[in-house]
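Understanding the architecture of this molecule
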Amino acid sequence: QVVGHISQACEHELAWVDGGRAATLRKIFEAWTSAQVWAIHRAFTNDKYPEELEYESAAALLGLPEFNMLFLWDVISLSDDTLFFADLLTCVSVFSNTTLQDKARFLLAVYDSSRRGTLTVEEMCSMIAG
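Rules used in this analysis
- Residues numbered from 1 in each chain as written.
- Predicted model: local features only at pLDDT ≥ 70, side-chain atom pairs only at ≥ 80, totals over all residues.
- Heavy atoms only, no water.
- Helix = DSSP H or I, 4+ residues; strand = E, 2+ residues; numbered from the N terminus.
- Buried < 20%, exposed > 50% of the residue type's maximum accessible area, 1.4 Å probe, protein only.
- Contact = heavy atoms within 4.5 Å.
- Areas by Shrake-Rupley, 256 points an atom, 1.4 Å probe, with all protein chains shown as cover.
- Salt bridge = Lys/Arg side-chain N within 4 Å of Asp/Glu carboxyl O.
- Arc of directions from axis to C-beta.
- Axes fitted to C-alpha atoms, helices over the stretch in contact; angles between N-to-C directions.
- Parallel < 35°, antiparallel > 145°, perpendicular 65-115°, else oblique.
- Left-handed = near helix turned anticlockwise from the far one by under 90°.
- Patch = residues over 30% accessible without salt bridge, like charges linked within 9 Å, V, L, I, M, F, W, Y side chains within 5 Å.
- Lys, Arg positive; Asp, Glu negative; His and termini not counted.
- Charge placed at Lys NZ, Arg CZ, Asp CG, Glu CD.
- Core = buried A, V, L, I, M, F, W, Y, C linked by side-chain atoms within 4.5 Å.

Some words on the overall build of the protein chain
Along the protein chain, the regular secondary structure elements total 8 helices and 2 strands. Scored against the burial criterion, the 130 residues of the protein chain give a buried share of 35%. Put simply, 58% of the contacts in the protein chain that link residues at least 6 apart link residues at least 24 apart. Accessible surface, the protein chain: about 7,800 Å² in total, of which carbon and sulfur atoms supply 55%.

A few points about the pattern of salt bridges
All chains considered together, the criterion is met by 1 salt bridge. R105 serves as the salt-bridge partner of D102, at 2.6 Å between the closest nitrogen and oxygen. Pair noted here: D102 and R105 are both in helix α7 (residues 100-111), with a separation of 3 residues, about one helical turn.

As for helix α4 (residues 55-62)
Three or more residues of α4 are buried, namely Y55, A58, L61 and L62. Relative to the axis of α4, the buried residues are bounded by an arc of 135 degrees and lie together on one face. In α4, the exposed positions angled more than 90 degrees off the buried face are occupied by E56 and A60. Backbone geometry just after α4 places G63 at a positive phi near 65 degrees.

A few points about the packing of helix α2 (residues 21-29) against helix α5 (residues 66-76)
Viewed as axis vectors pointing N to C, α2 and α5 meet at an angle of 135 degrees, and their least axial separation amounts to 11 Å. With respect to α5, the axis of α2 lies oblique. In the packing of α2 onto α5, the handedness of the crossing is left-handed. Taken together, the residues of α5 that come into contact with α2 (itself represented by R21, T24, L25, I28 and F29) are N68, F71, L72 and V75.

Notes on a negative patch on the surface
The grouping of E54, E56, D74, D80 and D81 at the surface amounts to a negative patch. Looking at where D81 falls in the secondary structure, it is placed in the loop between α5 and β2 (82-84). By relative accessible area, D81 is classed as exposed at 54%.

Some points on the nonpolar core
If you look at the biggest cluster of nonpolar residues, it comprises 29 residues, and the most contacted ones within it are F29, L62, L72 and L88. Looking at this core, the elements that each hand over two or more residues are α2, α3 (34-45), α4, α5, α6 (85-95) and α7. Per element, the largest residue contribution to this core is 6 residues, and it comes from α6. Look past the residues within four positions of L62 in its chain and what remains in contact with it is W32, I40, M69, L72, L88 and V92.

Have a look at this one:
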C-alpha cells in the first residue's frame with residue numbers, strides 16, 4: 001500500500017514539474033519565513049479554521065494577491081468549493097524559504113495526528129497522497 005502511494009506521488013510530481021506549477025508556487029512562497037509558516041499552523045491548531053476551507057477563508061488567511069490566490073486554488077483545491085487545510089499547509093511549507101529541517105518539523109506537526117512525534121503508516125500515506 002505504501003509503495004502504491006509513493007508511486008502515485010512520483011507520477012504527480014512529474015505533472016507538477018512539466019506543467020510549471022512547482023516553479024510558480026515557489027515564486028509565490030519563496031519569501032515566506034519559518035515564522036510565517038508556523039503562524040498559519042497555529043491558526044489551524046487553535047481551531048480557528050475548519051479541516052476544509054472555502055476560497056474566502058484561505059484568501060484571508062494567506063493574504064496573497066488575487067492572481068496568486070486563484071493559481072493556488074486551481075492547483076490544490078478539491079473542487080471549486082473547498083480545499084483541505086493540510087494540503088494548504090503542506091504547499092506553503094514545501095515552497096517556502098525555510099530550511100529542510102524546518103519543513104520536516106512542520107510536516108510532522110501537520111500530519112502527526114496522534115501527537116507522538118512520529119508518523120504512523122496511515123499518517124505517512126496521508127502525507128504522501130496529499
